[in-house]
Amino acid sequence: MSLRTPLSRVRGLGASRGGTEHFWRQRLTAVANIPLLAFFVIFVIAYNGADYETLTGALGNPIVAAIMGLVIISGLIHMRIGMQVIVEDYIHEEFAKLAILMLNTFFTLIIGALCLFAVIKLGFGG
Amino acid sequence: MAEVSKSRPISPHLTIYRFKPTMWMSIVHRITGGALYFGTILMAWWLVATASGEESFNTMNAVYGSIVGQIVLFGYTWALLHHMMGGIRHLVWDTIHAIEKEQSTRLAQATLVASVCLTLLVWIIGYIVR
């Protein structure tokens, strides 16, 4: 016999209220990251040593700019969850843990803001 | 709470086991993930410097093109590809495949071989097309 209420069971979120969302999002971004970061690596190989005009021209291509944006978004979501797991595994002091988890979010958003603004600016032609 | 848990018996941790390829790859997966976390700063600088104009682009390019820069980027490439190979391994495990002892050990070894080979391939091609 389950002690869970029917509503709780149908929501399927469990005691943490987050259910498997965290787990699922890590898998979702992991799968997305495979082609996205493969594209990123190939792009960097193709344009390594390229001069300013060539690189800005390449990043000005709408498709390249859009994919770069997705690389950043998917990569950063994956990275933030991963670091959260590491922090939760090793930092047990409550205040320090919360502070570092906040820093994790701030770091992710700062990197995201910088990268996305740069990609959009380059996408619109520098 | 912290005082109480100190005197409690704890479950055996890493130090008590004989190391196996799967253990090494698990640890390396986490370390490469952590390295890639801070490695995003390199990506941010690459994009921001390029978006900021030719002068800052040239500064960034000179740093990344230097010996130290190339070594760091080589390490970054390996960390990325190794984490990717390790991630694919985890996705395979998620489908309940290759979790037997022999298979998982072989898969762990394959992860390392694949990441080293791919990294070398990427850099060889990189230098050829440069």
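Residues numbered from 1 in each chain as written. Chains lettered and ligands numbered in written order. Predicted model: local features only at pLDDT ≥ 70, side-chain atom pairs only at ≥ 80, totals over all residues.

S.K.: Would you take a moment to explain the overall build of chain A for this structure?
M.R.: Within chain A, the regular secondary structure consists of five helices and zero strands. Each helix and strand of chain A, placed in order from N terminus to C terminus, yields the pattern α-α-α-α-α. Seen through its C-alpha atoms, chain A measures out along the principal axes to roughly 65 × 35 × 25 Å. Here chain A holds 126 residues, and 19% of them are scored as buried. Counting contacts in chain A only where the partners sit at least 6 residues apart, residues at least 24 apart contribute 73% of the total. (Helix = DSSP H or I, 4+ residues; strand = E, 2+ residues; numbered from the N terminus. Buried ≥ 20, exposed ≤ 12 C-beta atoms within 10 Å, placed from the backbone. Contact = placed C-beta atoms within 7 Å.)

S.K.: What should I look at first to understand the nonpolar core in this one?
M.R.: Nonpolar side chains in soluble globular proteins tend to end up buried together. In this structure, Ile 72, Cys 115, Ala 118 and Val 119 of chain A together with Leu 47 and Leu 80 of chain B are the most contacted members of the largest nonpolar core, which totals 24 residues. Every element with two or more residues in this core is listed here: helix H2 (21-47), helix H4 (62-90) and helix H5 (94-123) of chain A together with helix H2 (21-51) and helix H4 (67-94) of chain B. Ranked by residue count, the leading element in this core is H4 of chain A, at six residues. Ignoring sequence-local partners within four residues, the contact set of Val 119 of chain A consists of Ala 65, Met 68, Gly 69 and Ile 72 of chain A together with Leu 47 of chain B. (Core = buried A, V, L, I, M, F, W, Y, C linked by C-beta atoms within 7 Å.)

S.K.: I'm lost on the UniProt feature "transmembrane region" (unreviewed entry) in chain B in this one. Help?
M.R.: As recorded in UniProt, the feature "transmembrane region" (unreviewed entry) lies at residues 27-49, 61-81 and 107-129 of chain B. Taken end to end, residues 107-129 of chain B is 100% helix and 0% strand, and its two terminal C-alpha atoms sit 32 Å from one another. (UniProt positions renumbered as here; feature names shortened; annotations may be inferred.)

S.K.: I tried to follow the interface of chain B and chain A on my own but got confused; where do I start?
M.R.: Counting residues at the interface gives 25 residues for chain B and 26 residues for chain A. Mapped by element, the contributors of at least two residues to the side of chain B that touches chain A are H2, helix H3 (54-65), H4 and helix H5 (101-129) of chain B. Element by element, the count of residues in the side of chain B that touches chain A is highest for H2 of chain B, at twelve residues. Its residues assigned to classes, the side of chain B that touches chain A shows 15 nonpolar, six polar and four charged. (Nonpolar A, V, L, I, M, F, W, Y, C, P; charged D, E, K, R; others polar.)

S.K.: I tried to follow the environment of Gly 69 of chain B on my own but got confused; where do I start?
M.R.: Residues and elements named next belong to chain B. By the secondary structure assignment, Gly 69 is in helix H4. Gly 69 sits 41 residues away from Val 28 along the chain, and the two C-alpha atoms are 22 Å apart. Once residues within four sequence positions are removed from consideration, Gly 69 is found in contact with Val 63 and Tyr 64.

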